[in-house]
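# Tertiary structure, described
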Amino acid sequence: MMTRQRLVSATAAVALAGAALVAGTGSAHAATCSQSYLPLPDPRCTPGSYNGAVTQATIGSTICVAGWTATVRPPTSYTNPLKAQGIVDYGYSDTNMADYEEDHLVPLELGGAPRDPGNLWPEPHYGTKNSSTKDGVETKLKNAVCGGVITLAAARNAIRTNWTTALSATGIG
């Protein structure tokens, strides 16, 4: 168990290290998330999370209802600051916010947590596997869940593990 004195010392050390990074490198921020996983997010920064109100038993009154995601989607006044910070955290050289979608790793269409920063990341619009490609995967998975072809758990696991292989992993693509 950490004593109060050790906790205060540890907190001070972290603060000093952060100040040294800012003052010593001439850079205001250092990337804390890796781009090496692209087109996937860094799993340490964006592990994904679920909306507890969405279960296999509730899909008929949640994700399978047309327009339901609009009722839980956070406003851009919430997501834009996260996107701006995520662009810094990922160390993207392109800092144009319009070149990214603040995307839910586990999409709202599959009952992803709407406001959990661990489920949101700045997904690039560029590249062959990008935010538009992922949107198509999300829709196909949701349609398969709502059509009874696969379970919600299978779809969530597949997209959270690797959205680029989620369709083949679930047997629907």
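Analysis parameters
Each chain carries its own residue numbering, running from 1 in the written order of its sequence. Per-residue local features are limited, in this predicted model, to residues with pLDDT of at least 70; the limit for side-chain atom pairs, both in listing and counting, is 80 or more; totals at the level of whole chains, interfaces and linings are taken over all residues. As a convention, hydrogens and water are excluded, and side-chain values are obtained from all of the structure's heavy atoms. Buried, partly exposed and exposed residues are distinguished by accessible area as a fraction of the type maximum, computed with a 1.4 Å probe on protein chains only: under 20%, between the cut-offs, and over 50%, respectively. Think of it this way: any DSSP run of H or I at least four residues long counts as a helix, any run of E at least two long counts as a strand, and we number them from the N terminus. Contacts are residue-level and defined by heavy atoms, with any inter-residue pair within 4.5 Å sufficient. Cysteine sulfur atoms are paired as a disulfide whenever they fall within 2.5 Å. In short, DSSP must find at least two bridges between two strands for them to pair. Here is the rule: rings of Phe, Tyr and Trp (six-membered ring for Trp) pair when centre to centre is within 6.5 Å. Planes less than 30 degrees apart are stacked, more than 60 are edge-to-face, and the remainder are tilted. Only Lys NZ and Arg CZ are tested; either one counts as a charge over a ring when it is within 6 Å of the ring centre and within 35 degrees of the ring normal.

## Focus on helix α5 (residues 152–162)
All of the buried residues in α5 are L152, A155, R156, A158, I159 and N162. Residues of α5 that are buried in the fold lie against α4 (131–146) and α6 (166–170).

## A word on the state of the cysteines
Evaluation of the coordinates by the stated rule reveals two disulfides. Each sulfur of the disulfide joining C33 and C45 lies 2.1 Å from the other. Torsion about the S-S bond of the C33 and C45 cystine: about -110°, corresponding to left-handed handedness. You can see C33 sitting in the loop between α1 (4–25) and α2 (68–72) and its partner C45 sitting in the loop between α1 and α2, a full 12 residues away along the chain. The class for C45 is partly exposed, based on a relative accessible area of 24%. A disulfide bridge connects C64 with C146, and the sulfur atoms are separated by 1.9 Å. Disulfide C64-C146: torsion about the S-S bond near -95°, hence left-handed. Residue C64 is located in the loop between α1 and α2, and its partner C146 is located in helix α4; the two are separated by 82 residues in the primary sequence. By relative accessible area, C64 is classed as partly exposed at 29%.

## Let's talk about the pairing of strand β2 (residues 120–124)
Of all five residues in β2, five are buried, a share of seventy percent or more. Burial along β2 is two-sided: the face carrying L120, P122 and P124 and the face carrying W121 and E123 are both buried. The pairing of strand β1 (residues 100–104) with β2 spans five bridges and is classified as antiparallel. Looking across to β2, one finds that Y100 is bridged to P124.

## Let's talk about the packing of aromatic side chains
Applying the stated rule across the entire model yields four aromatic pairs. Where Y90 meets Y92, the ring centres are 5.6 Å apart and the plane angle is 10°; that geometry is what we call stacked. Overall, the relative accessible area of 3% leaves Y90 in the buried class. When the ring of Y90 is compared with that of W121, the centres are 6.1 Å apart and the planes differ by 50°; the resulting orientation is tilted. On the criterion of sequence distance, the pair formed by Y90 in the loop between α3 (76–89) and β1 and W121 in strand β2 is long-range, its members being 31 residues apart. Neither Y90 nor W121 differs from the other in exposure class; each is buried. Residue placement shows R160 over the ring face of Y50; its charged tip is 5.1 Å from the ring centre.

Honestly, that's just the spatial picture; any functional story needs more than this.
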